[in-house]
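Below are the chains, spelled out letter by letter.
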Amino acid sequence: MVRAADSDERMRNLGSEALAPTLDGVAAGSTLPPPVVQTFSAPRQVGRFVLLRHIGSGGMGAVYAAYDERLDRRVAIKLLQHAETADDVQKQRVLREAQAMARVSDPNVVSVFEVGEFHSQVFIAMEFVEGETLAQWQRQRPRPWQDLLLMYLEAGQGLRAAHAVGLTHRDFKPDNVLVGKEGRPRVADFGLARLGAGNPVAAPGAPEGVSGEKLAAPLTLADAIAGTPGYMSPEQYSGGEVDARSDQFSFCAALYEALYRQLPFAGDDLAVLAANTVAGKVQPRPDRSEVPMEVHQALMRGLS
């Protein structure tokens, strides 16, 4: 049994560590970013998990560094936004999808330890990964195409493991992959992109109200999917059904960007980007690229 004094000291140590947030998971880093304004209140404790500090927010909710008193370990706690006001059907759907995540056991997927409700708020307790996002890893320094390809292929194993149990990510991108200090990538948050309501993304040909959107911002399609422009599949832009093939498309878009330092589809605003994506107008392969043609052809198949 952990003594109370030891527990308090351990929690202080955990809370004092510098943490860096990600949109759909948690990574430990060397510096703490500016505080993120919380969009809903959080309790001091969620069940047996003591919340230490708020370290990030995204479209899905807020993420906290926490301490598991029973198992004496660090965890990340996500409190899902909108869950307090969701009806029973919506809440049960979210719980089922989060529980499905917990069934995925793969070294390239962020582990989910527990899913539940606390005072009518849905929470997910997950693995606390010490490291950085794949996006940060890519920006650290120029990396050979071989290293980039191997890292993405390993992350792709996480996607494959989720697809094997019927889960679709719906928002694969380098910001949603955590790279641990040991160099292993882990994909975070499968199947949870349905939570929350928003306005559907306008279909190509109906640009009113979407010109000038920040392309890096996540967008939620009402009660259907969420995605990030630049990585979204054609069916996501049009509000169609999404399955594993859409994740494959997003995976190839992210890998294309990593290898060529540009997204596969051009567009200064959402309407143009969506139109080019739906039309399959992939940007030309950069001149003098060292990426083998076999790799490029595989990317083109994935984006077709």
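These numbers come from a predicted model, not from an experiment.

Structural notes on the confidence of the model for the protein chain
Phase 1: Put simply, the protein chain has an average pLDDT of 76, and 69% of its residues get 70 or more.
Phase 2: Note that residues 1–40 has pLDDT below 50 and, in this model, 93 contacts with residues that lie over four places away or in other chains.

Some thoughts on unusual backbone geometry
Glycine aside, residues mostly have negative phi angles, and peptide bonds mostly take the trans form.
Phase 1: Even without glycine at this site, Arg-261 takes up a positive phi of about 60 degrees.
Phase 2: Among the secondary structure elements, Arg-261 is positioned in the loop between helix H6 (244–260) and helix H7 (270–279).
Phase 3: We classify Arg-261 as exposed; its relative accessible area is 66%.
Phase 4: Phi is positive for Arg-288, which is not a glycine, with a value near 60 degrees.
Phase 5: Considering the arrangement of structural elements, one finds Arg-288 in the loop between H7 and helix H8 (293–302).

Let's talk about H8
Since the α-helix advances by 3.6 residues per turn, residues separated by three or four positions end up pointing in the same direction.
Phase 1: Within the span of H8, buried status applies to Val-295, His-296, Leu-299 and Gly-302. End-on, the buried residues of H8 take up no more than an arc of 120 degrees, which puts them together on one face. Facing away from the buried side of H8 by more than 90 degrees, the exposed set consists of Glu-294 and Arg-301.
Phase 2: Buried-residue contacts for H8 involve helix H4 (145–164) and H6.

Describing the environment of Met-151
Phase 1: Mapped onto the elements of the fold, Met-151 is located in helix H4.
Phase 2: The exposure class assigned to Met-151 is buried, which follows from its relative accessible area of 7%.
Phase 3: For Met-151, the contacting residues outside a window of four places in its chain are Leu-134, Trp-137, Val-179, Gly-183 and Pro-185.

Digging into the pattern of salt bridges
Phase 1: Following the criterion strictly, the structure yields 10 salt bridges and no others.
Phase 2: Taking the shortest distance from any N to any O, the salt bridge between Arg-48 and Asp-68 comes out at 2.8 Å. Separated by 20 residues along the polypeptide, Arg-48 in the loop between strand S3 (45–46) and strand S4 (49–58) and Asp-68 in strand S5 (residues 61–68) bring together distant segments of the chain. Of the two residues, Arg-48 and Asp-68, neither departs from the other in class, the shared state being buried.
Phase 3: Among the salt bridges present, the one from Arg-184 reaches Glu-182, with a minimum N-O distance of 3.5 Å.
Phase 4: In this structure Arg-184 comes out as partly exposed when scored by relative accessible area, which is 27%.
Phase 5: Overlapping salt bridges, with partners in common, bring together Arg-48, Asp-68, Arg-73 and Glu-114 in one network.

Each value, and the rule that gives it
Residue numbering note: each chain is counted from 1, following its sequence as written. Predicted model: local features are reported for residues with pLDDT of at least 70 only, side-chain atom pairs are reported and counted for 80 or more only, and whole-chain, interface and lining totals are derived from all residues. For the side-chain quantities, the full set of heavy atoms in the structure was used; hydrogens and water were omitted. Confidence of the predictor at the level of single residues is given by pLDDT, which spans 0 to 100. Only heavy atoms matter for contacts: two residues are in contact if any of them lie within 4.5 Å across the pair. The helix count covers DSSP runs of H or I at least four residues long, the strand count covers runs of E at least two residues long, and both are numbered beginning at the N terminus. For the exposure calls, accessible area comes from a 1.4 Å probe over protein chains only, and a residue counts as buried if that area is under 20% of its type's maximum, exposed if over 50%, partly exposed in between. Along the arc lie the directions from the helix axis toward the C-beta atoms. Take a side-chain nitrogen of Lys or Arg and a carboxyl oxygen of Asp or Glu: if they are within 4 Å of each other, that pair is a salt bridge.

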